[in-house]
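Coordinate inspection notes
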Amino acid sequence: MIDWQEIVAALELTPHHPKDLPLPPVRGAYCGDMMSDVLAHARRGDLWITIQRHRNVVAVATLVGISGVVVTGGRVPPEDTVALAEKEKLPIFSTPLDNFQAAGRLYRILAKAGLVPGIQGG
Amino acid sequence: MMEELAHHILDIARNSVEAGATRLEITVEEDTQSGVLRFVVGDNGPGMPEHVRRRMLDPFFTTKSGKKVGLGLPLLQMAVQRCGGHLEVSSAPGQGTTVVATFPYYCWDRPPLGDIPRTVVGLLAGSDQVDLCYRHVYNGQVFELDTVEIRLRLRGIPLQTPEVLLWLRQHLAESINNLCGGGEDGQDRLARRAG
Ligand SMILES: Nc1ncnc2c1ncn2[C@@H]1O[C@H](COP(=O)(O)OP(=O)(O)OP(=O)(O)O)[C@@H](O)[C@H]1O
Ligand SMILES: [Mg+2]
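These notes cover the structure that comes with them. (Residues numbered from 1 in each chain as written. Chains lettered and ligands numbered in written order. Predicted model: local features only at pLDDT ≥ 70, side-chain atom pairs only at ≥ 80, totals over all residues. Heavy atoms only, no water.)

The next thing to look at is the overall build of chain A. Across its full length, chain A carries 5 helices and 5 strands. Listing each helix as α and each strand as β along chain A from the N terminus yields α-β-β-α-β-α-β-α-β-α. In terms of overall size, chain A behaves like a compact globule, its C-alpha atoms giving a radius of gyration of 13 Å where 122 residues would be expected to give roughly 14 Å. For chain A, the spread of C-alpha atoms along the principal axes amounts to about 40 × 30 × 25 Å. At a minimum sequence separation of 6, the contacts of chain A that also span at least 24 residues come to 50%. As displayed, chain A has an accessible area near 6100 Å², and 55% of this comes from carbon and sulfur atoms. Distance from the positive charge centre (12 side chains) to the negative charge centre (12 side chains) of chain A: 3 Å. (Helix = DSSP H or I, 4+ residues; strand = E, 2+ residues; numbered from the N terminus. Rg over C-alpha atoms; globule rule 2.2 N^0.38 Å. Contact = heavy atoms within 4.5 Å. Areas by Shrake-Rupley, 256 points an atom, 1.4 Å probe, with all protein chains shown as cover. Lys, Arg positive; Asp, Glu negative; His and termini not counted. Charge placed at Lys NZ, Arg CZ, Asp CG, Glu CD.)

Have a look at this one:
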């Protein structure tokens, strides 16, 4: 099991969803800014790292079954996106890290938990 | 947004087909001088009532059953906004629907036009009730193809015959290439067109 606390600390995440929103288990991650690519390749339970903060992000995340969205580069999701995420019970965070840094730090956590295919946990 | 404008065009044209349109008019206009790339998808379908038009850009709105989200128009709007272009949709019951997406020609974030022949042939392969007119305008030069005329020339051979579709795809590819890539600085223009 992945510890959300560890992810939040390592990726320097600021939540934009209600405090009492239950966080679903994280089973993997996907990094991408093109909606059609994420629709095609991200998987249920993935944490999604992206620079995008349009409300379409919430619809794509919901369709895929994303466990949480991480908006990178110090970008803050606008009000309509935050409201829609709350309605869909989708955890949404922002981080000052860029895509590369955020993905790198998350990769280390997921690999340790044995959630990166081909990489031994330990 | 998507990797190619052709994917957006396919999505928007599918809306027309799904709405029951029998004629589609797709125009791609490239003007490298004024720096504009525009595509227009028009149909003779039923058009949208006001309550649909109001919500068509909401990603959680669709009138199609078994779906929770409707992404075709919202993703196009996102692509357009990303590079400071604009999207216009005119639609009314009984009047059909016309979608106009205008992009700056030179913008790093603009998806390349992509594989138009594939999109056109894909549309025709998927729906035998539909006639389609494809127009490509490059700096004022026009190429046009209408399946009504092609059907006449085929004298009863179905448009959806694999050989016909294959020919159509090659013909479109060559014609668009000649229109946009011809001339001395063809390579250069082609490269810039790719984004
Ligand atoms: N050409 C059209 N004619 C009539 N209605 C249309 C047309 N285009 C879109 N609509 C209406 O707008 C709605 C939203 O369209 P949009 O493409 O955004 O989503 P969708 O087609 O419902 O789902 P998706 O594109 O994700 O498969 C459609 O459900 C339909 O009711
Ligand atoms: Mg659609």
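So, next bit.
Bringing the sheet that holds strand β4 (residues 97-104) of chain B into the picture now. Residues and elements named next belong to chain B. Strand order across the open sheet formed by 6 strands is β3-β4-β2-β1-β5-β6, with mixed pairing between neighbours. On the outer flanks of this sheet lie β3 (86-91) and β6 (141-146), each paired with one strand and no other. When strand polarity is set aside, the average angle formed by the axes of neighbouring strands in this sheet is 10°. With respect to the sheet, helix α1 (residues 5-18) is in contact with β1 (23-31), β2 (36-43) and β4, its orientation differing from that of β2 by roughly 20°. (Pairing = 2+ DSSP bridges. Axes fitted to C-alpha atoms, helices over the stretch in contact; angles between N-to-C directions.)

Right, let's talk about helix α3 (residues 72-82) of chain B for a bit. Here α3(B) lies mainly inside the structure; 9 of its 11 residues are buried. Check the buried side of α3(B) and you find it contacts α2 (35-41) and α3 (56-64) of chain A together with α1, β2, β3 and β4 of chain B. Among the residues trailing α3(B), B:Gly84 stands out with phi positive, at a value near 70°. (Buried < 20%, exposed > 50% of the residue type's maximum accessible area, 1.4 Å probe, protein only.)

Right, let's talk about unusual backbone geometry for a bit. Phi angles above zero are rare outside glycine, and A:Lys89 is one such case at about 55°. Within the secondary structure, A:Lys89 is located in the loop between α4 (79-87) and β5 (92-94). Relative accessible area serves as the criterion here: at 60%, A:Lys89 is assigned to the exposed category. In this structure, B:Asn139 takes a positive phi of about 45° despite not being glycine. Looking at the secondary structure, you find B:Asn139 in the loop between β5 (131-138) and β6. Residue B:Asn139 is classed as partly exposed on the basis of its relative accessible area of 24%.

On to the site of ligand 1. Residues and elements named next belong to chain B. Taken together, 17 residues lie around ligand 1, and Asn15, Thr62, Thr63, Lys64 and Lys67 are the ones closest in. Here aspartate 43 contributes a side-chain N or O atom positioned 2.8 Å from a nitrogen atom of ligand 1. Leucine 73 is positioned such that a nitrogen or oxygen atom in its backbone is 2.9 Å from an oxygen atom of ligand 1. For ligand 1, the accessible surface in isolation is 600 Å², of which the surrounding protein chains cover 89%. Top contributing element to the shell around ligand 1 by residue count: α3, with 3 residues. Among the residues making up the shell around ligand 1, the classes are represented as 7 nonpolar, 7 polar and 3 charged. (Near = heavy atom within 4 Å. Polar contact = N/O pair within 3.5 Å; in protein donor to acceptor, adjacent residues only side chain to side chain. Nonpolar A, V, L, I, M, F, W, Y, C, P; charged D, E, K, R; others polar.)

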